[in-house]
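# Remarks on the overall topology
One letter stands for each residue in the lines below.
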Amino acid sequence: MKIYNTLTRKKEGFVPIKPGNVGIYVCGPTVYNFIHMGNARPYVVFDTLRRYLEFTGFTVTFVQNFTDIDDKIINKANEENINYTDIAERYIEEFFTDIDGLNIRRANFYPRVTEEIDEILDLVGFLLGEGFAYEVKGTVYFDARKATDYGKLSKKNIDDLEAGARVDVNPDKRSTSDFVLWKAAKPHEPAWESPWGWGRPGWHIECSVMARKYVGQTVDIHGGGEDLMFPHHENEIAQSEAEGGIFANYWMHNGMLLVDNQKMAKSDGNFFLVRDIARKYGYPLIRFYLLSVHYRSPLNFSEELLNAANAGLERIRECRRNLLDAGWGNDGETAHRQAFLDALADDLNTANAISAVFDLAKDANVALRENTANPAFLADLDFMCDLLGVVLENDGNINDADVSEIEVLVTQRDEAKKAKNWALADELRDKLTSMGVEIKDTRDGTKWHLTRG
Ligand code: AMP
Ligand code: ZN
C-alpha cells in the first residue's frame, strides 16, 4: 500500500515496524457534545484504512483516545450543575451510538485521560528532569527550543513562529511556542495531586502517553484531521521524541469538511450533528458520502450534496436488489475488483474505489437487461461495500415497530387498489414515500424497500 505521509509530504510504500502488524493511533474527541459531520470524517476514514489493511492480511492494533477532562467539559458540567464525569460518560455513550450506526468497528483500546494520570505525571516529571520543561507557579511548560526539530511535521520554523506571535502571550512562558504539559488548578476545578501542586494534564501530553502505552514505542500510523497537525501533533512529537525514539512513522491527515467554504466546527456554530443527519438520511449514507471523495481533499457539506450522494447509493442498492431478484447466485470475481483494490492501495483512494463500484453496477445492469447470468456481480458488489463498510441492506436499520407500520400501510394500499379506490391508493403511496419507503408492484405482490438507510 502507498500512503501519503504528512511528515515527508510524499506518497511512500507502507512498511510496518513488525512484519504483519500495524499499530494505528487516532486522536479522539473531547466528550462534551454529540459529534458533528466533520468529526465523523476521521473516524470513518481511519476505520476504512483499518478494514483495508486487515483485508490485505495485517493484524491491526487500533487505539483511539477520549479527552474526558477539559475546559469545555467543565463548563458544560457547571451549566448543568452536575459532575464533569457525568458529562464525559454521557457523550462517550452518545459517541458509541453514532460510531456503531456508522459501522465503525470498535478500537482495541479507548484510553481516557483521567485513567492515565500516573503515566502522564511520569512523563511530565521525566521531561522536567531532563531539562525539556520548566515549571512556573504550578504549571509545567514544554520548552519548544529544546526539541531537536520542532516544526518538522507542520513545516513551521520556530523563529518565524516567535516573530509572528502577538505580544499578549502568557508572560510565564519563555517562548511563544512553549506549551502546557501540566496545568495548575484554578479553584473549584477537578484536579489531581502532583509534585507541582494540584492540577490537570495539558491537552497534548495524553496522546504521547497513550500512543506509547497502547500501541508501542513507535506508532506505525498516526491519524487525525489536518486541523490537528499544528500545534497538537507537532507537540505530541516534541514530547515523545524528547522522551526518546521516533514517535510515529507515517502521519495521515484527513481534509476538512466545509460548510460554505468554512471548516465545520462546534465553536463556529456551523455544524450539523451526525445524529440529526442520520435521522433524516440514515447512517449508511453518511459513511458513503464521507468516502465519496479522497480523504485528503476538502469536502463540502450541504443537503444538496447529500441528496446527490443518496441518489448514487440508491443506484447501487437497486442494482443489488435486482441481482438478488434475478437469483444468479453470489460467487466469483469480476475485473472491477482489482480496480477497486488498486484504488485503495493508492493512499486509500475511496473516491476511485467507489467509481469501481459504479462501474460494476453499470455492467451488472447491462447483464440484467440482457439476462446474461453471472454470480460474480453480486459477489463483487457485496465484497466492495463490505470493505468500505457501507451497509446496503437498509431494512436492517429500522425497528420492528416501523416495519409493522409500513406493512400495514402497504396492505391498506393493496386493498384500496383492489377496491379500485385509486385516490386512497395514491395517498397511501405518498405517505409511504414521505416515510422514505418505495413500493414496487411485482408479479409476486407488492414489494417495498427504504430509499434511505
Ligand atoms: P475535536 O473533538 O474537535 O478534537 O475533533 C475530533 C476529530 O475530528 C479530530 O480528528 C479533528 O481533526 C476532526 N475534525 C474536527 N472538525 C473537522 C472538520 N470540519 N472536518 C474534518 N475533520 C474534523
Ligand atoms: Zn492527539
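Residues numbered from 1 in each chain as written. Chains lettered and ligands numbered in written order. Predicted model: local features only at pLDDT ≥ 70, side-chain atom pairs only at ≥ 80, totals over all residues. Heavy atoms only, no water.

## Observations regarding the packing of aromatic side chains
With the rule as written, the count across this model stands at 20 aromatic pairs. Look at Phe95 and Phe96: their rings are 5.6 Å apart centre to centre, the planes differ by 70 degrees, and that puts the pair in the edge-to-face class. An aromatic cluster is built from Tyr43, Phe66, Phe95, Phe96 and Tyr110, whose rings are joined through pairwise contacts. The ring of Phe230 has Lys156 sitting right over it, with the charged end atom 4.9 Å from the ring centre. A cation over a ring is seen here: Arg337 above Phe383, with NZ or CZ 3.9 Å from the ring centre. (Phe/Tyr/Trp six-rings, centres within 6.5 Å; stacked < 30°, edge-to-face > 60°. Lys NZ or Arg CZ within 6 Å of the ring centre and 35° of its normal.)

## Thoughts on the site of ligand 1
Close contacts around ligand 1 come from 17 residues, with Gly38, Gly225, Asp227, Leu257 and Met264 the closest. Between ligand 1 and Leu257, the relevant distance is 2.7 Å, taken from a nitrogen atom to a main-chain nitrogen or oxygen of the residue. Met264 places a polar main-chain atom, nitrogen or oxygen, 2.8 Å from a nitrogen atom of ligand 1. About the coverage of ligand 1: the protein hides 90% of its 490 Å² of free accessible area. Elements supplying a minimum of two residues to the shell around ligand 1: α1 (37-55) and β9 (219-225). Among the elements that make up the shell around ligand 1, the one with the highest residue count is α1 (four residues). (Near = heavy atom within 4 Å. Polar contact = N/O pair within 3.5 Å; in protein donor to acceptor, adjacent residues only side chain to side chain. Areas by Shrake-Rupley, 256 points an atom, 1.4 Å probe, with all protein chains shown as cover. Helix = DSSP H or I, 4+ residues; strand = E, 2+ residues; numbered from the N terminus.)

## Quick word on the coordination of the zinc ion (ligand 2)
The coordination sphere of the zinc ion (ligand 2), as far as protein atoms go, consists of Cys27 (SG), Cys207 (SG), His232 (NE2) and Glu236 (OE), spread over 2.1 to 2.2 Å. Angles of 77 to 129 degrees at the metal separate the four donor atoms of the zinc ion (ligand 2), which places the site in the irregular class. In terms of primary sequence, the donors binding the zinc ion (ligand 2) are separated according to C-x179-C-x24-H-x3-E. Within this pair, His232 and its partner Glu236 are both found in helix α7 (residues 229-243), separated by four residues, close to a single helical turn. According to the relative accessible area criterion, His232 is buried, its value standing at 1%. (Donors = N, O, S within 2.8 Å, 3.2 Å for Na, K, Ca; no water. Tetrahedral: all angles 85-135°; square planar, octahedral: opposite > 155°, others 65-115°. Buried < 20%, exposed > 50% of the residue type's maximum accessible area, 1.4 Å probe, protein only.)

## Comments concerning the sheet that holds strand β13 (residues 299-300)
Read from one edge of the open sheet, three strands run β12-β11-β13, paired in mixed fashion. Of all strands in the sheet, those bounded by a partner on one side alone are β12 (262-263) and β13. (Pairing = 2+ DSSP bridges.)

## Looking at the nonpolar core
In a soluble, globular protein the nonpolar side chains are often hidden away together inside. With 127 residues, the main nonpolar core has Ile221 and Phe340 as its most contacted residues. Apart from residues lying up to four places away in sequence, Ile221 is in contact with Ile3, Phe14, Val22, Gly23, Ile24, Tyr25, Leu49, Leu53, Tyr250 and Met252. Core analysis: the next-biggest nonpolar cluster, separate from the first, contains nine residues, Ile406, Leu409, Val437 and Trp448 among them. (Core = buried A, V, L, I, M, F, W, Y, C linked by side-chain atoms within 4.5 Å. Contact = heavy atoms within 4.5 Å.)

## A look at the packing of helix α11 (residues 336-345) against helix α13 (residues 376-388)
Two elements in contact, α11 and α13, have axes whose closest approach is 10 Å; the angle formed by their N-to-C orientations is 15 degrees. Considering the angle they form, α11 stands roughly parallel to α13. For the element pair α11 and α13, the recorded crossing hand is right-handed. From α11, His336, Arg337, Phe340, Leu341 and Leu344 reach across to α13, where they touch Ala379, Asp380, Phe383, Met384, Leu387 and Leu388. For the contact of α11 with α13, a count of residues per class yields eight nonpolar, one polar and two charged. (Axes fitted to C-alpha atoms, helices over the stretch in contact; angles between N-to-C directions. Parallel < 35°, antiparallel > 145°, perpendicular 65-115°, else oblique. Left-handed = near helix turned anticlockwise from the far one by under 90°. Nonpolar A, V, L, I, M, F, W, Y, C, P; charged D, E, K, R; others polar.)

## Digging into the side chain of Thr350
Here Thr350 shows up in helix α12 (residues 350-370). Once residues lying within four places of it in the same chain are set aside, the contact partners of Thr350 are Thr48, Leu291, Val293, Leu344 and Leu388.

## Some remarks on unusual backbone geometry
Cis rather than trans, the peptide bond between Phe230 and Pro231 has omega equal to 0 degrees. With respect to the secondary-structure elements, Pro231 resides in helix α7. Look at Asp260: it is not a glycine, yet its phi comes out positive at around 45 degrees. According to the relative accessible area criterion, Asp260 is exposed, its value standing at 70%. The backbone of Lys420 shows a phi angle near 55 degrees, a positive value even though the residue is not glycine.

## So, the pattern of salt bridges
Within the structure shown, the criterion is met by 36 salt bridges. A salt bridge links Arg51 to Asp47; the shortest N-O distance between them is 2.9 Å. Residue Arg51 and its partner Asp47 are both found in helix α1; the two are separated by four residues, about one turn of the helix. Asp47 carries the same exposure label as Arg51, and that label is buried. For Glu54, the salt bridge goes to Arg50, with nearest N and O atoms at 3.5 Å. Of this pair, Glu54 and Arg50 both sit in helix α1, four residues apart, roughly one helical turn. The class of Arg50 is buried, set by a relative accessible area of 3%. It is possible to trace a salt-bridge network through shared partners that takes in Asp71, Lys183, Lys186, Glu189 and Arg200. (Salt bridge = Lys/Arg side-chain N within 4 Å of Asp/Glu carboxyl O.)

## Side note on the pairing of strand β1 (residues 2-5)
One ladder, built from four bridges, connects β1 with strand β2 (residues 10-13); its direction is antiparallel. Across the sheet, the residue bridging to Tyr4 is Lys11, located in β2. Counting the residues between successive antiparallel strands, the hairpin from β1 to β2 contains four residues, one of them, Arg9, with a positive phi of roughly 55 degrees.

## Overview of the environment of Tyr84
Counting through the fold element by element, Tyr84 comes out in helix α3 (residues 84-101). For Tyr84, a relative accessible area of 15% corresponds to the buried category. Separated by eleven residues in sequence, Tyr84 and Ile73 place their C-alpha atoms 6.2 Å apart. Apart from residues lying up to four places away in sequence, Tyr84 is in contact with Asp68, Ile69, Ile73, Ala77, Thr114, Pro190 and Trp192.

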